[in-house]
Each structure stands twice: as structure tokens, then as C-alpha cells.
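A structural walkthrough
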Amino acid sequence: MPLPKNAKKSSPLIGVHKGVGYYLLFNGILGDKSVDGGNILTTRILQKLPKHDGPKVIYGEGTRVSLSRLRKQSITFKQVPYEIKTS
Amino acid sequence: MFTLKTYQQQTLEKLEAFLRRAATTKNPTVAYEECIRETYRRESNYNDAGFPNVPYVCLRLPTGGGKTFLASHSIALACKEYIGKDVALVLWLVPSSAILEQTLKALRDRRHPYRVVLDEAFDGNVSIRTVEETLGISRSDLAGNLVVVVSTLAAWRVDRTEGRRVYESGGVSKDHFEFVPKELLENLERHDSENGGALKYSLANLVHLHRPIVIVDEAHNARTDLTFDTLKRLNPSCIIEYTATPKVRGSDRSNVLYNVSAAELKSEHVIKLPIELLTLGEWQQTVSNAVTKQRELEAVAKEEEQTTGEYIRPIVLLQAEADRVGQTTINVNEVKKCLLEQCNVPEEEIAIATGEERGIEGIDLLQRDCKIRFIITKQALKEGWDCPFAYVFCSVAKVRSSKDVEQLLGRVLRMPNVAPKQQDPLNRAYAFVHSRDFYETASNLTDSLTRCGFEPNDASRFLEIKNIQVELGLDLFSQLTRTLSSAPEPTALPRELREKVKVNAKDNTITLVAKITEEEKKQLTELVESPEDKQVIEQLYRAVHRIPMSYTSPAKRGEVFSVPQLLIEFDGELRPFDEEILIPPSWNLAEHHAELSETEFPIKVDVGTRGLIDVDSTGKAYFHNPNQIQQELTSILVSSRMHRPELVVWLVKETRHPSIPHAQAVVFVNKVLETLIQKCGLDIDHLVYVRFRLKEAIKKKVAEHIEATKKMGYQDLLFADRVKKGKGKFSVGEDIVFPREYPANSVWKGNWQPERHFYEVVADMNDEEAECAFIIDHHPNVEYWVRNLERQEHHSFWLQTSTDKFYPDFVVKLKNGKIVAVEYKRDKDYSADDSKEKRWIGEFWETSSSGLCCFLMTKGKEWDKVKQKLNL
């Protein structure tokens, strides 16, 4: 996926492409400084992500939210770096 | 984005469990029978079909279930879980050349989901070939790639011309057979002794040598002795079949490992259901009704587009009669004339698709500028033709070949975009059939659906009778009148029966006006004397029971059944008590010990086979068994490129877990390797060589760490909390609502009809559970109840245990609003640790609910206790 031109720095929502919202999790995403604060998806982080109405793809180092629960909410989780492809 | 549906995921999990078990026990029979026992709680009888040590199983998915997509996934499973190799040779067998073309086209398209699956699993080292293209394959192609040969079964038949080229010597390069241990060559085909008896360098021999994974598409066509003989020549390592309609009886039966039901497809919005059926006695009327339906649907589709942006142009498939010499038939021309003249359909909206006139070939029906709304055909459409816009099936043919009906009906089932539509009419399919006998038609359609892979129960459930049937004066039950040799006196009937059954003693007729139960049928049978009359009543009963009606479940009535979940206060907020919070956010795999014990990873076993590593360099080999050597030879070719960093990368990738970050996994895998090298004195070559076993051991270790952490978290949250401050942190709320869909994998077929079940059907139960259900169903305090589905977290009520989700057998709503969850446990299972934990969390849910919810686990048939709970 090419990075859209409207990509904002510092927001986990990196862009919207064909109605799908793309997110990238990073450390300190919630503005806290805890070591593990952010790059692993939890329900708490999920709730705090910028809103996007439609399916989402979230890139992160791991997820504690079960894949089936994510799927129910039309979220595809992509585990970094395993599921990133260079072409 | 093309992710697995829940039922697809579950199908693959079953396959994975089976393959692992087959790999460890080395006995497919035992593995299969154990898996069936676990999944279906019944005994089974594995049919090895003459392949004693080859796993040979069948996965059953109804039409539209995504067989081919799963077939792609199963290749990776078979390769990694069963054979334990990085790459393999795969024979993908299809029934016809039309499907061959389609499959090839999809697998060759790097953006197609079938291919993406393979590329991801094999790092893009994938080579898709026809038989012809495989003839020129090189040894390194085979060693470094997943090679998938797509072909028909006939291409491998020794008695066919197509088959000859694969058995011909010189078909493939001689290189393939050099430096191969003699033992492996023993079973290969040779020239006759008068021709020197030399080895044939044929493709068949090459395949034999490589022990292919065999995928059989539409496998019901491939259960003959001839097929088995052909497959035996190819020396498969495992065979996985896919079909909607497997053979399940007889000596040629398939070993069905898992069955997916139509309800599961429906709940994932893969197919349109139910099918509304209308039968009409006049064919022109049938056509005009179909046209009207098309116009209605198109109007609804416009509204849908306005709200969702999704474009749908509903299409009608019309089945005309074939031309017959000397007879007038309702042929293609007649139907077209009717559309043009009587229904005022513009000609551009009509296409004819028959053997002679190929009006839809090369046309993309999904395009907006396409005008086609009516497709007239005679028999079936070309195999694999598939258009989600097809909503209406209309048949005017009097003589119907069931195969054609089945095929055409299958064509209107696929849901556009695999997503539910806001406009409900677009979630269904429609059938208009020219027929005077509604019951016969409904039965035939039910049979057709069964052949599309629906369970007979599902099939009749999803066929819905249109209300209009009654409005048009075709009273449904008017056809349920039969003449008896001697009808009983109306007064002889028990009172309740008189409302359902009308008897006319004058002209000796009997008419059903409502569905009768099995019990009532018995009463009726006793009232008539002659065996013929008894037979007539039996037929009537059957007729009415093939057709779903009368029971309007609470779910259908639109009732809402909601159950409070157990909540926990976490980070200052209440949230469902589920798996996620059992593992603290700061948990780090890298901090856990990474030593594999002798039982977790036995080292000694490999000593004997280590000599094999030297085969490449010294030419000496130490043999164990030929199969093993053959597998290992190929893996040595690949693994010789692997050193420690590559091994780490490989292990990290193969043991990936979605909740563990890459960095932690790298540290952990390195620690594992370090201890094995330092403490056990193993060298990297050895570890590379046994990496598939090592991968399994690491996966298991990681799973154990996670499990132990979850157990600790569970203790901490529930017990420590309970001791410290009572149960202040817990409450109930955020009710789960039972959805409209009830994706039961198999349906209970018992001898009594539940009257208060929340859904029309009840998921499978064993005899004791059914007895428990009977008590619940007949209890006066019960509003309705549900047979809770296992492993369907979005369709069921569950409670979290330290390892898993617990799905109580029954969830009951009482008339006073209270909720009762009942788990039936056999006496002998009651005290098991697992039961104790479930009981504990169930009771904890009850106490946290302040009287709103009750929980009961029975110890055997404690029906009094069940009643007591329901009396509250």
C-alpha cells in the first residue's frame, strides 16, 4: 500500500485507502511513557485510536485482543515485521 | 483483504490437529478416529481405501464455502505439520478441464487469494505447473520450490492416452534419479526385462520418488477403484479431499474429518438464505412473477446503493425446456417471447446461454453498464460460472433433471461481496417454479440443496414458502388431502387433533390443516384400520414434515435474548472478563526460561540418523527407513544453506504468535539455541537438520509459558481479589445478545419437538443433554432457552476459565426475567479439575449478578436440581 499523501505524523491513523483505515501502533501511543505502552494492541488502545468508520487494518508488534474479536469488528491485524511484505 | 471465516478457521484447525496426530502416532486410522471422537463425540471407522499409512481425509463444505481457498491453506499445513519440510510437491487434482483452467488461472495470479496464501506460506517460492510444464522441471526447481501440479485425474490414468506421457520414459530428465539411494528406486517402474529392465525416467516415477501431497477437488467423483489404483502409482504422502457431497457410506466412503453446515455459511454472509419458493400452475405466470420480483429487487437494490454505495443488479436465471422433435416445448424462444411480449422486458436485458448461443461469454455481468437482467438457459450453465448478482431462479421446464436444478439453484446462492445487505430482500434468494404439485417441488428443491452440500435438515429449513402462495388461492394444505378406504368418524379424533386434521366420512378423505407431531401421527394411525390407510397417513406426515412451517421461533419473532456477562474493573473501567486481561501488558516472553528438557526435545533419537548429514559430502549413507531418507535428502539440499542466523530467522517465523512481539521471540529463540549448544553440546548443523522438531518444541514451550501466565493471572484476579476485598471489582453487565443467526455445525435430530427453543433448530446434543433439554423445554417458568453453541464466541454465552472459554450447555430465560445457565456433566466427569473450574466460575458469575443470574452444573441426571433452579 502506498503511503497516502494526507498521512499525518504522530497519529496512529496513517491514512485511508479505498474506505479502509490504516493504523500503525507505536510506543507511547497513549502519551504515556511506559515501556510497553502502545505497540501491542489491547482493548484499551483500541478504544483510544482515532475514529474511522469502516474496516481497519492495524499494524503492530502484537495483539492481546483475540483475532476473532478483531475480525468481528472488521479489523485485520498485521503483525510487524512478520506480515509486512517488501515487493 | 481476504481473511478466513470462522468456519474456515475451524475446518483448518481440525485438519491441523489431525495431521499432527497422524505425524506423531504414524497411524492415520488412530489419528482420524480420535479426532472424530473429539469433534463429534462418536465412534467412527476409518476407511484406508488401500492406503494403510497415508492420511486420506475429506473436508466437506457446502457450495460457496470456499473450498479452493481452503485447499490452498491445507497445502501449507500438510507440508509443515505432516511432512515437516520447507517445500513439497503437490498434485492438485480437479474433475474437469474447465475447472483445471480456472484453478490454474487463479493460482497463477499473484494477487489472487488462493495464490497469496501459498506465497505467504512458502516465501514466494511457489511454482504452478501443468503436467506438460512439469515434464521439463529441473532438480533444483523441485528442491527449492513448492511445486503445484494442477491436472485432471485422467492425466495420470495409465490406460488413457493423456496418461501415457506421464508414464513414458525420457519424460523427465535423468538427473532426478541420480544420487538417490537404491532402496528408493526399488518401487519405481522399469522397462520390461527384454528391454533391459532399466529404470524409466518418467514423470510418474519422479512424482513417486517425491511422495506428493495430493489435493482432490470435487472428491465425490474420485472414489472408484480406478482412482485408488491411479493414486497408488503416485505414492502420495497424504491425500486431502474437498467436496460438498462426500460419499459417507459403503466401502468407497470418504473419511469426512469435518462437516461445515449451511447455517455456518449463512452466519458469515457467504450465501443468500433462505430461498423463497413459489410454485405456479401456469408457466407464463411463473415467468411474469419472476420479472416482477426482479423489478422489486432492483428498486430495493437502488435504495441499498444510496445508503451503502454497493451496486447490485439482480439477475434472473430462467430455465427453459429443451427442443424436442415433433413436440411443442416451452423452449428458449418461447420464454424469450414471453419476456418480450407479455412482460415488456427490453431485448437488451435478455441473454441466452445455451450450447448454441453463448450470450454471456466474455461479458462482465458485474459491470454497471451491463444491461443483462435475464439469462435464459436450457440445462446447466458452464461449470464454475458464478455471478453473485443472480438472485432469482425461475424454471418453466416440466421435466426437470435434478442435476440441472441443483446446479442452477447453486448459482443464485452466492452473496455479493460476502457481506450482509441492509435491505433484507437482498439477503435472500428466490425460486419460481412451474409446477402443480407444491410438495413435490419443495421436496425436489430440498433434495437439490442436499446435493449442494446442505444437510437434509438445513435444506428444508432454508426453503421458505412464500406468503403469496396462499394469497393466490393455492392453499398450501389443500394438496394435503388424501382418500382413505375408510375414514374414521370425526368424533373419534382427540380434541386437539380435530383442529389439525379434518376428516370427511362421506367421501372418505382426510386433510391436514396444520403440522401434526409424531405422537399425533401415531394416534391417527391407530384410528384407521387397513395397512394402506396407515401408509397414507404416514405419507401425509412425511409430506408435511419435509416442509418447514408453523414453528416461529422467538428469534424469528424478533425477541431479544440477552445475557449479562461477567465484568471486571480494569484500568478504572469495567470490561468483560476475558482472556486478554489474564496476561499483564508488561509480560515478556524473553524473560522466561528457554531450556528445553530431554522430554520436550529428545536429542538422542537423532544420533542414528546424523550420518545422513554426511551423505552430501562423503557419499556415504546410513539408512533408517527409505521414506525417511527420501524426505531428509530433500531437506538437506535446502538446509545446507542455513547457518545460525538463518535458523533463528526461520524458527522465529515458524513459531510466530500474534501476542508476542518479534523482538521478544528473537531473544527467546536465541536463548533456546544457546542452551542446546552450550549445555547439550549440539552443533548448528544438527539443529538445522532437526529444525522441524525443534520448531514444534519451541512452539509448545511458548504455549506453556502463556498458559502458565494466564493461570497466574486468573488466580491473581479472582482469588486474591476475593480474599482481599470480596468481589467488589466484579459485576455483570454489557449483555451479550443472541444474534439472529444460529450457526450450528450439526443439528439435533431427536424424537420430540422443542417448543421453546430460541431458534428453529437445536444444535446437536447427546441423549443425556437432550433429556436435560426436555426438562427445560417443558418447565412452566421457562420463557425460552437456547442450546448454547460451543466455540462460537460471537453467537453464544461464555465464561472465561484460566485456559479457555466455557460455554454452558443451556442458557434459559425465565418468565420473570432471570437467566439460568445449565451445564450437564456426567457423574464421572463432575469432579474433574476442568469441571471444578467451570463450576467455580459459573457460581462466581451467579454471585456477582446479585440474583439476576443462576448457574447449575448437574452431577449426572439431577433433574430435580434443574427444576429447582427453574422454580426460583
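Residues numbered from 1 in each chain as written. Chains lettered and ligands numbered in written order. Predicted model: local features only at pLDDT ≥ 70, side-chain atom pairs only at ≥ 80, totals over all residues.

1. Quick look at the overall build of chain B
- Across its full length, chain B carries 31 helices and 26 strands.
- Here chain B holds 872 residues, and 41% of them are scored as buried.
- Pairs at least 24 apart in sequence give 70% of the contacts found in chain B among residues at least 6 apart. (Helix = DSSP H or I, 4+ residues; strand = E, 2+ residues; numbered from the N terminus. Buried ≥ 20, exposed ≤ 12 C-beta atoms within 10 Å, placed from the backbone. Contact = placed C-beta atoms within 7 Å.)

2. Here's the deal with the overall build of chain A
- Summing up its helical and strand segments, chain A has two helices and six strands in all.
- Listed by position from the N terminus, the elements making up chain A come as β-β-β-α-β-β-α-β.
- The buried share of chain A, reckoned over its 87 residues, is 26%.
- Once local pairs closer than 6 in sequence are excluded, the contacts in chain A between residues at least 24 apart make up 28%.

3. A short note on the interface of chain B and chain A
- Between chain B and chain A, the residue contacts involve 19 residues of the former and 21 residues of the latter.
- Residues of the side of chain B that touches chain A, tallied by class, amount to six nonpolar, six polar and seven charged. (Nonpolar A, V, L, I, M, F, W, Y, C, P; charged D, E, K, R; others polar.)

4. Examining the environment of P658(B)
- Locating P658(B) in the fold gives a position in the loop between α25 (644–654) and α26 (662–678).
- Put simply, P658(B) and C58(B) are 600 residues apart on the chain and 29 Å apart in space, counted from C-alpha to C-alpha.
- Among all residues touching P658(B), those that are not within four sequence positions of it are G62(A), T63(A), L67(A), F77(A) and Q79(A).

5. Side note on the pairing of strand β13 (residues 429–434) of chain B
Residue and element names in this part refer to chain B.
- Taken across its six residues, β13 has six buried, putting it largely inside the fold.
- Taking every second residue as pointing to the same face, both faces of β13 are buried, with A429, A431 and V433 on one and Y430, F432 and H434 on the other.
- Alignment of strand β8 (residues 275–280) against β13, held across six bridges, turns out to be parallel. Residue pairing across strands places I275 opposite A429, the latter belonging to β13.
- Pairing geometry for strand β12 (residues 390–395) and β13, over four bridges, is parallel. (Pairing = 2+ DSSP bridges.)

6. Things to note about the nonpolar core
Residue and element names in this part refer to chain B.
- V90 and L317 are the most contacted members of the largest nonpolar core, which totals 182 residues.
- The element contributing the most residues to this core is helix α3 (residues 67–83), with nine residues.
- Those residues within four positions of V90 in sequence are excluded, and the remaining contacts are I75, L146, V147, V148, V149, P212, I213 and I215.
- Counting 21 residues, the second largest nonpolar core, distinct from the first, contains L651, V652, I660 and A665. (Core = buried A, V, L, I, M, F, W, Y, C linked by C-beta atoms within 7 Å.)

7. Regarding the sheet that holds strand β25 (residues 819–825) of chain B
All names here are of chain B.
- Across the sheet, which stays open at both edges, the four strands sit in the order β21-β24-β25-β26 with mixed pairing between neighbours. Edge positions in the sheet fall to β21 (782–787) and β26 (853–859), since each has one partner strand and no second. Strand-to-strand twist of the sheet, defined as the mean angle between neighbouring strand axes without regard to direction, takes the value 20 degrees.
- Relative to β26, β25 runs parallel, the two sharing seven bridges. By the bridge assignment for β26, A821 is matched with F855.
- Where helix α31 (residues 863–871) meets the sheet, it contacts β21, β24 (810–814), β25 and β26, and its direction lies at approximately 175 degrees from that of β26. (Axes fitted to C-alpha atoms, helices over the stretch in contact; angles between N-to-C directions.)

8. Regarding unusual backbone geometry
- Note the cis peptide between V80(A) and P81(A), where omega equals 0 degrees.
- Residue position: P81(A) is located in the segment after β6 (75–79).
- In this structure, N508(B) is a non-glycine residue whose phi angle is positive, near 55 degrees.
- Looking at the secondary structure, you find N508(B) in the loop between β16 (501–504) and β17 (509–512).

9. Looking at the sheet that holds strand β1 (residues 56–60) of chain B
All names here are of chain B.
- As summarised here, the arrangement of the seven strands in space is β3-β4-β2-β5-β6-β1-β7, forming an open sheet in which the pairing is parallel. In this open sheet, the two edge strands, each paired with only one partner strand, are β3 (126–129) and β7 (256–259). When the angles between neighbouring strand axes are averaged without regard to direction, this sheet yields 20 degrees.
- Looking at chain direction, β1 and β7 are connected through three bridges and run parallel. Residue pairing for β7: C58 is matched across the bridge by V256.

10. A few points about α3(B)
Residue and element names in this part refer to chain B.
- Under the 1.5 Å per step criterion, the end-to-end length of α3 is 22 Å for 17 residues, consistent within 8% with the ideal 24 Å.
- At L77, α3 shows its largest kink, close to 25 degrees.
- Counting buried residues in α3 gives 16 out of 17 residues, a clear majority hidden from the surface.
- In the stretch just after α3, G84 is the one whose phi turns positive, near 70 degrees. (Expected span 1.5 Å × (residues − 1). Bend = angle between axes of the 7 residues up to and from the residue.)

11. What about the packing of α25(B) against α26(B)?
Residues and elements named next belong to chain B.
- With their axes 9 Å apart at the nearest point, α25 and α26 run at an angle of 125 degrees to one another. One element, α25, and the other, α26, form an angle in the oblique class. Of the two elements, α25 crosses α26, and the hand of that crossing is right-handed. From α25, V648, L651 and V652 reach across to α26, where they touch H662, A665, V666, V669, N670 and L673.
- Grouping the amino acids of the contact of α25 with α26 by side-chain chemistry returns seven nonpolar, two polar and no charged. (Parallel < 35°, antiparallel > 145°, perpendicular 65-115°, else oblique. Left-handed = near helix turned anticlockwise from the far one by under 90°.)

12. Here we look at the packing of helix α1 (residues 6–25) of chain B against α3(B)
Residues and elements named next belong to chain B.
- Closest axis-to-axis distance for the α1/α3 pair is 10 Å, and the angle between their directions is 25 degrees. As far as their axial angle goes, α3 and α1 are roughly parallel. Of the two elements, α1 crosses α3, and the hand of that crossing is right-handed. Note on element contacts: α3 touches α1 through L70, H73, S74, L77, A78, E81 and Y82, opposite Q8, T11, L12, L15, E16, L19, R20, A22 and A23.

13. Considerations on the environment of E559(B)
- Tracing the sequence through the fold places E559(B) in the loop between α22 (554–557) and β18 (562–570).
- The spacing of E559(B) and R740(B) is 181 residues in sequence and 9.5 Å in space, taken between C-alpha atoms.

14. Let's talk about the confidence of the model for chain B
Residue and element names in this part refer to chain B.
- Mean pLDDT over chain B stands at 84; residues scoring 70 or higher make up 87%.
- Here residues 632–639 is a poorly scored stretch, pLDDT under 50, and it has 13 contacts once near neighbours within four places are set aside; other chains count.
- Overall fold confidence (pTM) sits at 0.74, and the ipTM for the predicted complex is 0.89. (pLDDT = per-residue confidence, 0-100.)

15. Some remarks on the environment of S849(B)
Residue and element names in this part refer to chain B.
- Mapped onto the fold, S849 is located in the loop between α30 (833–848) and β26.
- Between the C-alpha atoms of S849 and P564, which are 285 residues apart in sequence, the distance is 8.1 Å.
- Filtering out sequence-adjacent residues up to four positions away, S849 remains in contact with P564 and V732.

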